[in-house]
Amino acid sequence: MKFAQLVHQRYSCRKYSPDLIEEEKFNLILEAARLAPTASNQQPFQIIIIKTENKQDELLKIYHRDWFVQPPIVLCICSLPAEGWHRHKYDNQSYAIVDAAIVLDHITLQAADLGLGTCWVGDFNPQAAREFLALPEDVNPVAFTPLGYPLDEPKNKIRKPLKELIRFDTW
Ligand SMILES: Cc1cc2nc3c(=O)[nH]c(=O)nc-3n(C[C@H](O)[C@H](O)[C@H](O)COP(=O)(O)O)c2cc1C
């Protein structure tokens, strides 16, 4: 698929089939994540692969939507701020969350290219996630996504016009 077509085709899927994902497709998605650019190439992230089978009740404590637990897989993208690049010369701003976001964007786009659905989930309960995944202190859960075959249809993309989103030279 052409990239311009792919960015139109990716959408937030909120209804999934329980069908398993072929290993070959899953590996392509993980490889797309692995190849994501990160600040100073520090790669300060981990992807936690969660098989939803028999874990639905626990997962719903993390994010309470039926569709979250419908597919066979849920991914949690974590950042590892201590391993990531900081803008240390100036304000020490951490870029680890940005890195994790790019990783998940690669995942969502590769999944869409393979006909699979995803949905960014940022509105999860971090404490419930920490407990369920037994996350060490220095691991920061950034976002989840279900991953599976979509059973809904993409909606029209509602976006601001470009003229509201860009500026030339000055604010
Ligand atoms: C950082 C981030 C967090 C999001 N968190 C949630 C969420 O918790 N629940 C949800 O249903 N959608 C979530 N979304 C999906 C957005 O609502 C969705 O991307 C947006 O409405 C545009 O729709 P589209 O993805 O279908 O193009 C999130 C998206 C992003 C980028």
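Data block above holds the structure.
Read on for a plain summary of the structure. Computed from a prediction, not measured in an experiment: that's the story for all the values here. Residue numbers here run from 1 along each chain, matching the order of that chain's written sequence. Per-residue local features of the predicted model are confined to residues with pLDDT of at least 70, and side-chain atom pairs are confined, for both listing and counting, to 80 or more; whole-chain, interface and lining totals are unaffected and use all residues. The side-chain quantities take in all heavy atoms of the structure and omit both hydrogens and water.

Focus: the sheet that holds strand 3 (residues 117-118)
Here is step 1 of the chain: Paired strands, in this sense, are two strands between which DSSP finds at least two bridges. Secondary structure elements are defined from DSSP: runs of H or I of at least 4 residues count as helices, runs of E of at least 2 residues count as strands, and each element is numbered from the N terminus. The strand order across the open sheet formed by four strands is 1-2-4-3, and the pairing between neighbours is antiparallel. Two strands lie at the open edges of the sheet, namely strand 1 (45-51) and strand 3, each paired on one side alone.
Here is step 2 of the chain: The pairing of strand 1 with strand 2 (residues 73-79) spans seven bridges and is classified as antiparallel. Of the residues in strand 2, the one forming a bridge with Phe-45 is Ser-79.
Here is step 3 of the chain: Against the sheet, helix 2 (residues 23-34) touches strand 1, strand 2 and strand 4 (140-148), its axis set at about 160° to strand 1.
Here is step 4 of the chain: Two residues form a contact once any of their heavy atoms are found within 4.5 Å. Axis lines are fitted through C-alpha atoms, for helices just across the contact stretch, and the angle between N-to-C directions can take any value from 0 to 180 degrees. Lying over the sheet, helix 4 (residues 96-113) contacts strand 1, strand 2, strand 3 and strand 4, oriented at roughly 155° with respect to strand 2.

Regarding the environment of Ser-12
Here is step 1 of the chain: Here Ser-12 shows up in the loop between helix 1 (3-9) and helix 2.
Here is step 2 of the chain: Throughout this description, buried means an accessible area under 20% of the type-specific maximum (1.4 Å probe, protein chains only), exposed means over 50%, and partly exposed covers the range between. Of the residues examined, Ser-12 reaches a relative accessible area of 26% and is grouped as partly exposed.
Here is step 3 of the chain: Sequence separation of Ser-12 and Trp-85 is 73 residues, and the distance between their C-alpha atoms is 30 Å.

Looking at the site of the ligand
Here is step 1 of the chain: We call a residue near a molecule or strand as soon as one heavy atom of that residue lies within 4 Å of the molecule or strand. Neighbouring residues of the ligand: 13 residues in total, closest Ser-12, Tyr-63, Trp-120, Lys-157 and Arg-159.
Here is step 2 of the chain: Contacts described as polar in this section are N or O atom pairs within 3.5 Å, which, within protein, must combine one atom able to donate a hydrogen with one able to accept it, while residues neighboring in sequence count only if both atoms come from side chains. Within the side chain of Arg-10, a nitrogen or oxygen atom sits 2.9 Å from an oxygen atom of the ligand.
Here is step 3 of the chain: Within the side chain of Lys-157, a nitrogen or oxygen atom sits 2.7 Å from an oxygen atom of the ligand.
Here is step 4 of the chain: Per-residue accessibility takes into account occlusion by the displayed protein chains alone, with areas from the Shrake-Rupley method and a 1.4 Å probe. Contact with the protein chains covers 60% of the free accessible surface of the ligand, which is 620 Å².
Here is step 5 of the chain: Of the residues belonging to the shell around the ligand, the class tally is six nonpolar, two polar and five charged. Each residue gets one of three labels, nonpolar for Ala, Val, Leu, Ile, Met, Phe, Trp, Tyr, Cys and Pro, charged for Asp, Glu, Lys and Arg, and polar for the others, Gly among them.

Focus on the pairing of strand 2
Successive side chains on a regular strand alternate, one facing one side of the sheet and the next facing the other.
Here is step 1 of the chain: By the criterion of burial, strand 2 is predominantly enclosed, with seven of the seven residues buried.
Here is step 2 of the chain: Across the two faces of strand 2 the burial is the same, with Ile-73, Leu-75, Ile-77 and Ser-79 and Val-74, Cys-76 and Cys-78 all buried.
Here is step 3 of the chain: Two elements, strand 2 and strand 4, share seven bridges in a ladder whose sense is antiparallel. Looking across to strand 4, one finds that Cys-78 is bridged to Pro-141.

Section: the pattern of salt bridges
Here is step 1 of the chain: A pairing counts as a salt bridge when a side-chain nitrogen of Lys or Arg comes within 4 Å of a carboxyl oxygen of Asp or Glu. Taken as a whole and judged by the stated rule, the model has three salt bridges.
Here is step 2 of the chain: The salt bridge partner of Glu-31 is Arg-34, with a shortest N-O separation of 2.8 Å. A residue pair is termed a helical-turn pair when its members lie 3 or 4 positions apart in one helix, as Glu-31 and Arg-34 do in helix 2 at three residues.
Here is step 3 of the chain: Note on Glu-31: relative accessible area 31%, which makes it partly exposed.
Here is step 4 of the chain: Classification of Arg-34 by relative accessible area gives exposed; the value is 53%.
Here is step 5 of the chain: In this structure, Arg-87 engages Asp-91 in a salt bridge whose closest nitrogen and oxygen atoms are separated by 2.9 Å.
Here is step 6 of the chain: Judged by its relative accessible area of 26%, Arg-87 is partly exposed.

Remember, this is a structural readout, not a statement about activity or role.
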